[in-house]
Amino acid sequence: MVKPIIAPSVLAGDFAQLGCECHRMFKCNADWVHLDVMDGHFVPNLTMGPPIISSLRKAVPRDPSQPGKFFFDCHMMVANPEQWIPEIAEAGGDQYTFHYEATEKPLEVVKLIKKHGMKAACAIKPGTSVDVLYPLAEHLDMALVMTVEPGFGGQSFMPEMMSKVEDLRAKYPHLNIQVDGGLGPKTIPDAAKAGANVIVAGTSVFKAAKPEEVIQLLRDHVSTELQSRGLLETGPGYNDVCAGLSRHVNGFRTQATVHLDVEFRVQLPELAHLGHHLWHKRLSSKPWFHSHYQNHVQLICKRQHLFNLGLGFQGTGGSHSMRMNQFNEIFGVFCGLQMERVLVPAIFGNGCNPLFWVGHHHMAVEEVLGLVNQQGSELM
Ligand SMILES: O=C(CO)[C@@H](O)[C@H](O)COP(=O)(O)O
């Protein structure tokens, strides 16, 4: 499943006000901002590099209570993609898109990007066959099909690139497929129809009188198309997962931490089943712990479980992680659940007794289970 992601390219923004421009876009409901890094070698233009991205990150800090928000999508139009990976990671980049044409060892670049805790994406120029992405695709978080020659904003969309997008979507239904160059209200129908779900738009968004309307229009086209293919993720880009049943999660684990993000706050009057889904989600904890939020893993102590049996909520100051422990397993007690400032304390019943069911809700599991110790570092 994939979601529509709209990523305004700040290349079309006011470079003297880049921080404000990013905030402006996020206020207009952009999902990401797209940062075009050009080195004057790979493309005949110069834009920004790690120092600017680092300053931008200070102006637009990540929000631990909203994982994935304020995402910096770094499109590296550079001759030596390997060279800038540590610096871009350090500067605050979330995703690093390198060009296939710029390296002889694309898989090694992908590995290096991931080692530095960023998502890895590979771009192809208009003259490059989409086939080159196939051996890489399973390692990628995203593929970028350029719809203009890279180097400058404000160029015309190349509809003939859409067959690449179609081929990619047919082969990799769940891959993020980005298109970049000349996207706007007139060209989005083609891109969405071909199967693109990540839309970079510079001129059409930044120069619009109402950027939020353009962003919504782009999103609507992508959503409609994804939905018709049965590929649209429910919720704001997250897997549809419910919390609960610690014993399933903990069946073979003494401790497990899952990164959750709540789509809807749990509401006490909505009595619905708390316990399903979670145990069959098995993702690597590694990217999660490497990329962000390590410091926000919190242990819900056993005492809290003991003293808070029954339904209820407490503010917890922005935590968004959940920890289950052996105690729950042994005594058949639901774990406490911390997520987005809401604590659902432990309850008895393992989901069987409707009296103990809490609001049904959707959550994100960005990565999934892994064994961690109490400091939040990885055991497995
Ligand atoms: O990477 C590039 C250009 O090389 C793009 O990100 C452009 O900046 C998109 O701008 P518009 O074509 O949407 O104006």
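Residues numbered from 1 in each chain as written. Predicted model: local features only at pLDDT ≥ 70, side-chain atom pairs only at ≥ 80, totals over all residues. Heavy atoms only, no water.

S.K.: Any details on the overall build of the chain? Residues and values, ideally.
M.R.: For the chain, the helix and strand inventory stands at 13 helices and 13 strands. Split by element, the accessible area of the chain, about 16,100 Å² in all, is 54% carbon and sulfur. (Helix = DSSP H or I, 4+ residues; strand = E, 2+ residues; numbered from the N terminus. Areas by Shrake-Rupley, 256 points an atom, 1.4 Å probe, with all protein chains shown as cover.)

S.K.: How would you explain the site of the ligand if you had to name every residue and give the values?
M.R.: Surveying the vicinity of the ligand reveals 20 residues, the closest of which are Asp36, Gly151, Asp180, Gly202 and Thr203. Glycine 151 places a main-chain nitrogen or oxygen 2.7 Å from an oxygen atom of the ligand. Backbone polar atom of glycine 154 to an oxygen atom of the ligand: 2.9 Å apart, as the coordinates give it. Protein chains bury 99% of the 380 Å² of accessible surface belonging to the ligand in isolation. Residue assignment for the shell around the ligand shows that the elements contributing at least two residues are β2 (32-38), β3 (71-77) and β8 (198-201). The greatest single-element share of the shell around the ligand, amounting to three residues, is contributed by β2. Here the shell around the ligand is composed, by residue class, of eight nonpolar, ten polar and two charged. (Near = heavy atom within 4 Å. Polar contact = N/O pair within 3.5 Å; in protein donor to acceptor, adjacent residues only side chain to side chain. Nonpolar A, V, L, I, M, F, W, Y, C, P; charged D, E, K, R; others polar.)

S.K.: Can you tell me about the confidence of the model for the chain, naming the residues and giving the values?
M.R.: Where the model shows low pLDDT, its predicted coordinates should not be examined in detail. Counting all residues, the mean pLDDT for the chain is 72, and 61% of those residues have values of 70 or more. Residue range residues 236-380 is modelled with pLDDT below 50. Its contacts to residues more than four positions away, or to other chains, number 324 contacts. (pLDDT = per-residue confidence, 0-100. Contact = heavy atoms within 4.5 Å.)

S.K.: So, the packing of helix α2 (residues 50-59) against helix α3 (residues 81-91): which residues are in play, and what are the values?
M.R.: Where α2 contacts α3, the axes come no closer than 8 Å and their chain directions differ by 20 degrees. Relative to α3, α2 is oriented roughly parallel. Between α2 and α3 lies a crossing whose hand is right-handed. Residues Pro50, Ile53, Ser54 and Arg57 of α2 form the contact with α3, whose own contacting residues are Trp84, Glu87, Ile88 and Ala91. Of the residues in the contact of α2 with α3, the class split is five nonpolar, one polar and two charged. (Axes fitted to C-alpha atoms, helices over the stretch in contact; angles between N-to-C directions. Parallel < 35°, antiparallel > 145°, perpendicular 65-115°, else oblique. Left-handed = near helix turned anticlockwise from the far one by under 90°.)

S.K.: Break down the pattern of salt bridges for me, citing the residues and quoting the values.
M.R.: Two side chains bearing opposite charge may form a pair once their charged atoms approach each other closely. The full count for this structure, using the stated rule, is six salt bridges. Linking arginine 57 and aspartate 94 is a salt bridge whose minimum nitrogen-to-oxygen distance equals 2.7 Å. Placement of arginine 57 in helix α2 and of aspartate 94 in the loop between α3 and β4 (95-99) is noted, with a sequence separation of 37 residues between them. When sorted by exposure, arginine 57 lands in the same class as aspartate 94, which is buried. Among the salt bridges present, the one from lysine 210 reaches glutamate 213, with a minimum N-O distance of 3.9 Å. A relative accessible area of 46% places lysine 210 in the partly exposed class. With relative accessibility at 48%, the residue glutamate 213 sits in the partly exposed group. Residues participating in the shared-partner salt-bridge network are Arg57, Arg62 and Asp94. (Salt bridge = Lys/Arg side-chain N within 4 Å of Asp/Glu carboxyl O. Buried < 20%, exposed > 50% of the residue type's maximum accessible area, 1.4 Å probe, protein only.)

S.K.: Residue-level account of the packing of aromatic side chains, with values.
M.R.: Inspection of the entire model under this criterion finds three aromatic pairs. For the ring pair phenylalanine 26 and phenylalanine 70, a centre distance of 5.0 Å and an interplane angle of 85 degrees mean the geometry is edge-to-face. One end of the pair, phenylalanine 26, is in helix α1 (residues 18-27); the other, phenylalanine 70, is in the loop between α2 and β3, and 44 residues separate them in sequence. Here the aromatic rings of tyrosine 134 and tyrosine 172 are separated by 6.1 Å at their centres, their planes lie at 45 degrees, and the arrangement is tilted. Here tyrosine 134, found in helix α5 (residues 134-137), pairs with tyrosine 172, found in the loop between α6 (162-171) and β7 (176-180); they are 38 residues apart in sequence, far enough to count as distant. One Lys or Arg, arginine 57, reaches over the ring of phenylalanine 72 and ends 3.8 Å from the middle of that ring. When the ring centre of phenylalanine 42 is taken as origin, the NZ or CZ atom of lysine 125, which lies over that ring, is 5.1 Å away. (Phe/Tyr/Trp six-rings, centres within 6.5 Å; stacked < 30°, edge-to-face > 60°. Lys NZ or Arg CZ within 6 Å of the ring centre and 35° of its normal.)

S.K.: Provide a residue-level description of the sheet that holds strand β5 (residues 119-124), including the pertinent values.
M.R.: By way of backbone hydrogen bonds, the strands of a sheet pair with one another, either parallel or antiparallel. With parallel pairing, the eight strands of this open sheet are ordered in space as β1-β8-β7-β6-β5-β4-β3-β2. Bordering the open sheet on either side are β1 (5-8) and β2, each of which pairs with just one other strand. Sheet twist, expressed as the average angle between the axes of neighbouring strands with direction ignored, equals 20 degrees. As paired strands, β5 and strand β6 (residues 142-146) are joined by four bridges and run parallel to one another. Looking at the pairing, alanine 121 lines up with methionine 142 of β6. Here α1 sits on the sheet and contacts β1, β2 and β3; the angle it forms with β2, its principal contact strand, is near 145 degrees. Helix-sheet contacts for helix α9 (residues 211-228) involve β1 and β8, and the interaxial angle to β1 is about 145 degrees. (Pairing = 2+ DSSP bridges.)

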